[in-house]
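Here is how the chains run, residue by residue.
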Amino acid sequence: MVRTSVASSIAIFVSLVAGETVRLNVARSPPASSSPPISLDFQSFSIEFAFLVDFQGNKSHPNRFTNNLLANLRAFNGDVPQILRIGGNTQDHVTYIPDQKEQLINFWDPSYNSDQPRNTSIGPTFWEALTAIEGTKYIFGLNFYKNDSTYLENLRGEVSQTLRQIPPDRLHLFEIGNENDYGALSGFRPPTWTQQDWVEEWIDRARHIQTPSKSLRFYAPSTCCYNITTPYSFFSPWTIWNSTFEYDRDGWISEVSQHGYISSTGQNPTLQATLMNHTSVVINGTVHQSLCKLNHDAGRVYTLGETNSVSGQGAFGVSNVFGSALFILDYELYYASFGVNRMHMHQGTAYRYGAWMPIAQNGTGPSTNPPYYGHVMVSKFIGAHPNTRINNIDLHSDFYSAYAAYENGRLARVVLLNLHEWNPSTDQAEASKAPSTTFTISTGQRGIKYATVELMTAPGALSETNITVAGLSYDYDLAEGKPVRVAKQYESVLRPDNKGEISVPVRYSQAVLLTFN
């Protein structure tokens with residue numbers, strides 16, 4: 001048994017023994033621990049700069065697959081545009097060449113990195129990628145590391161083309177540099193380079209590219225790490241905002257971007273201990289709760305401008321399997337519950353944690369990958385109401401998590417996750433033999449006639465195919481990512497018993513969405 005917690009609005013009794021019952025008394029209205037209203041662009045993406053053309057194409061050949069997948073998610077959230085941050089490590093390796101005919105040229109060096117090019121050049125036609133698909137806004141990433149005699153010319157060229165080619169209503173912000181808090185450690189600046197040096201350089205670049213009307217707004221500081229600043233360490237996202245550095249002295253920074261991953265490839269992450277583990281998600285969120293409060297108290301928007309499961313583009317058998325979809329559901333809703341304004345899940349063409357493979361490469365793809373189904377479930381849970389609040393129902397468990405969504409002050413939905421890892425044998429029939437736990441929910445609320453039950457499910461945690469949400473598949477091979485029904489939508493329709501309780505079994509490695517009527 002895990003410990004019991006009793007609060008004014010939620011009382012929870014949890015057992016980790018298979019076959020027993022998890023009991024949740026869910027508040028009839030949003031408790032004090034609930035989030036502020038969730039922005040309907042909460043679930044957004046970050047796309048590695050060097051791979052934008054793969055994801056979106058150009059005017060004559062738009063990527064319909066990407067368009068379909070993003071439209072699917074928007075449909076759950078009132079067709080509010082996602083904000084795509086175009087950046088990452090490669091944004092600091094980009095040179096704009098005005099007379100280049102090609103949209104983009106990537107220069108690969110196997111000794112440098114097998115996942116990313118060493119350098120990228122772009123021409124004026126590059127910007128066709130940003131208008132090739134529909135329904136999105138952009139944060140455009142600019143090169144900060146370039147520090148030679150042409151760096152200002154390069155920046156001005158990128159900015160002028162962006163302003164010329166992207167409609168104003170689709171350009172959200174500019175971002176100068178990616179994770180430059182380790183510029184000295186990575187060798188792009190001298191080892192004596194300080195946080196004050198970084199701030200002064202950033203401000204100098206911002207002022208040189210600002211328009212005469214001072215209309216440009218920025219996304220910053222895009223830090224990767226959280227250390228207290230020292231001359232030879234990563235810089236600190238807490239101290240960069242203090243009065244000493246006056247980072248936003250011009251008042252042009254509209255939103256704060258902090259990066260973060262749940263683990264790294266060097267930490268040898270596993271499904272059960274790292275991703276399918278609610279305690280791991282909670283511990284990882286501690287630093288972001290602190291930074292979220294710091295920035296909200298100062299009136300600033302706080303986002304995770306680049307995030308995903310495992311840094312280093314993900315890990316095979318961890319980031320690219322169904323367990324990562326369960327992680328995304330738990331991770332994004334937990335961060336939403338304490339007020340993070342938006343999450344940009346990072347993508348690259350062949351990245352292990354990629355939600356989709358946008359083009360064919362080396363004999364594989366295009367493909368809809370397991371993480372995408374986690375994004376579908378997040379979007380369904382958030383819904384389209386402009387005044388939805390989310391509450392994390394703390395089960396004090398590694399293996400179980402639950403969230404409630406409230407619309408206009410009334411309970412609307414609950415999502416339940418059973419994070420026990422389950423992997424059947426090669427016989428698909430074994431999937432139905434997975435152990436399950438019964439979640440019993442009491443709302444103490446009159447007027448609930450029934451709850452519909454929809455599943456996010458797969459044969460097992462390691463599955464890469466046969467994944468559905470509410471009976472829908474989004475596989476590329478079926479309809480280029482458009483939803484196709486392959487199973488029933490509702491697993492069941494449940495009515496409260498004479499105690500006013502609703503009980504639902506949730507299989508190991510499965511998530512259930514209950515929508516109340």
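Coordinates for the structure precede this section.
Please read all numbers here as calculations on a predicted model, not as lab measurements. (Residues numbered from 1 in each chain as written. Predicted model: local features only at pLDDT ≥ 70, side-chain atom pairs only at ≥ 80, totals over all residues. Heavy atoms only, no water.)

A short note on the nonpolar core
Next, step 1: Counting 114 residues, the largest nonpolar core has Phe126, Trp202 and Met456 as its most contacted members.
Next, step 2: Sort the elements by how many residues they give to this core and helix H8 (residues 322–337) lands first, with 11 residues.
Next, step 3: Counting 27 residues, the second largest nonpolar core, distinct from the first, contains Leu411, Ala451, Val453 and Ile502. (Core = buried A, V, L, I, M, F, W, Y, C linked by side-chain atoms within 4.5 Å. Buried < 20%, exposed > 50% of the residue type's maximum accessible area, 1.4 Å probe, protein only. Helix = DSSP H or I, 4+ residues; strand = E, 2+ residues; numbered from the N terminus.)

Things to note about the pairing of strand E20 (residues 436–442)
Next, step 1: Most of E20 sits inside the fold, with 5 of its 7 residues counted as buried.
Next, step 2: Bridge count for strand E3 (residues 21–25) against E20 is 5 bridges, and the pairing is parallel. Looking at E20, one finds that Thr21 is bridged to Thr438. (Pairing = 2+ DSSP bridges.)

Section: the packing of helix H7 (residues 278–297) against H8
Next, step 1: The geometry of H7 relative to H8 is characterised by a closest axis approach of 10 Å and an angle of 35° between their N-to-C directions. As H7 packs across H8, the resulting crossing turns out to be right-handed. Together, His278, Val281, Val282, Asn284, Gly285, His288 and Gln289 of H7 and Phe327, Asp330, Tyr331, Tyr334 and Tyr335 of H8 make up the contact between the two elements. (Axes fitted to C-alpha atoms, helices over the stretch in contact; angles between N-to-C directions. Left-handed = near helix turned anticlockwise from the far one by under 90°. Contact = heavy atoms within 4.5 Å.)

Notes on the sheet that holds strand E6 (residues 94–96)
Whether parallel or antiparallel, the strands of a sheet pair through hydrogen bonds between backbone atoms.
Next, step 1: Here 3 strands make up an open sheet; going across it, the order is E6-E8-E7 and the pairing mixed. Both outer strands of the open sheet, E6 and strand E7 (104–107), are each paired with one neighbouring strand and no more. Neighbour to neighbour, the strand axes of the sheet diverge by 20° on average, direction disregarded.
Next, step 2: Relative to strand E8 (residues 119–122), E7 is paired through 4 bridges, and the arrangement is antiparallel. Within E8, the residue paired with Leu104 across the bridge is Ile122.
Next, step 3: Contacting E6 and E8, helix H4 (residues 151–165) crosses the sheet at an angle of about 75° to E6.

As for the state of the cysteines
Should the sulfur atoms of two cysteines be covalently bonded, the bond is a disulfide.
Next, step 1: Under the criterion given, the structure shown has 1 disulfide.
Next, step 2: With its sulfur 2.3 Å from that of its partner, Cys224 forms a disulfide with Cys225. Here Cys224 and Cys225 share a disulfide; its torsion about the S-S bond, -85°, makes the bridge left-handed.
Next, step 3: With a relative accessible area of 15%, Cys225 lands in the buried category.
Next, step 4: Its sulfur unpaired, Cys292 is 19 Å from the next cysteine sulfur, which belongs to Cys225. (Disulfide = S-S within 2.5 Å.)

With respect to the pairing of strand E14 (residues 342–347)
Next, step 1: Across the 6 residues that make up E14, a large majority, 6, are buried.
Next, step 2: Because side chains alternate across E14, one face comprises the buried residues Arg342, His344 and His346, and the other comprises Met343, Met345 and Gln347, equally buried.
Next, step 3: Bridge analysis of strand E4 (residues 43–48) against E14 gives 5 bridges, and the strand direction is parallel. Following the sheet pairing, Gln43 is matched in E14 by Met343.
Next, step 4: Relative to E14, strand E13 (residues 301–311) runs parallel, the two being bridged by 3 bridges. By the bridge assignment, Thr303 is partnered in E14 with Arg342.
Next, step 5: As for the winding sense of the linkage, the β-α-β connection from E13 through H8 to E14 is right-handed. (Right-handed = clockwise from strand over helix to strand, strands pointing away.)

A short note on the packing of aromatic side chains
Next, step 1: Counted according to the given criterion, the structure contains 30 aromatic pairs.
Next, step 2: With centroids separated by 5.6 Å and ring planes inclined at 85°, the aromatic side chains of Tyr96 and Trp127 adopt a geometry described as edge-to-face. Here the residue Tyr96 occupies a position in strand E6, and Trp127 occupies one in the loop between E8 and helix H3 (129–132), the gap between them amounting to 31 residues. Take Tyr96 and Trp127: they sit in the same class, and that class is buried.
Next, step 3: Ring plane angle 55° and centroid distance 4.7 Å describe the contact between Tyr331 and Tyr335, whose orientation is recorded as tilted. Of this pair, Tyr331 and Tyr335 both sit in helix H8, 4 residues apart, roughly one helical turn. With respect to class, Tyr331 is no different from Tyr335; both count as buried.
Next, step 4: Linked through ring pairs, Phe144, Trp193, Trp198, Trp202, Phe218, Phe235, Trp241 and Tyr247 together constitute an aromatic cluster.
Next, step 5: The ring centre of Phe144 lies 4.6 Å from the NZ or CZ of Arg205, which sits over that ring. (Phe/Tyr/Trp six-rings, centres within 6.5 Å; stacked < 30°, edge-to-face > 60°. Lys NZ or Arg CZ within 6 Å of the ring centre and 35° of its normal.)

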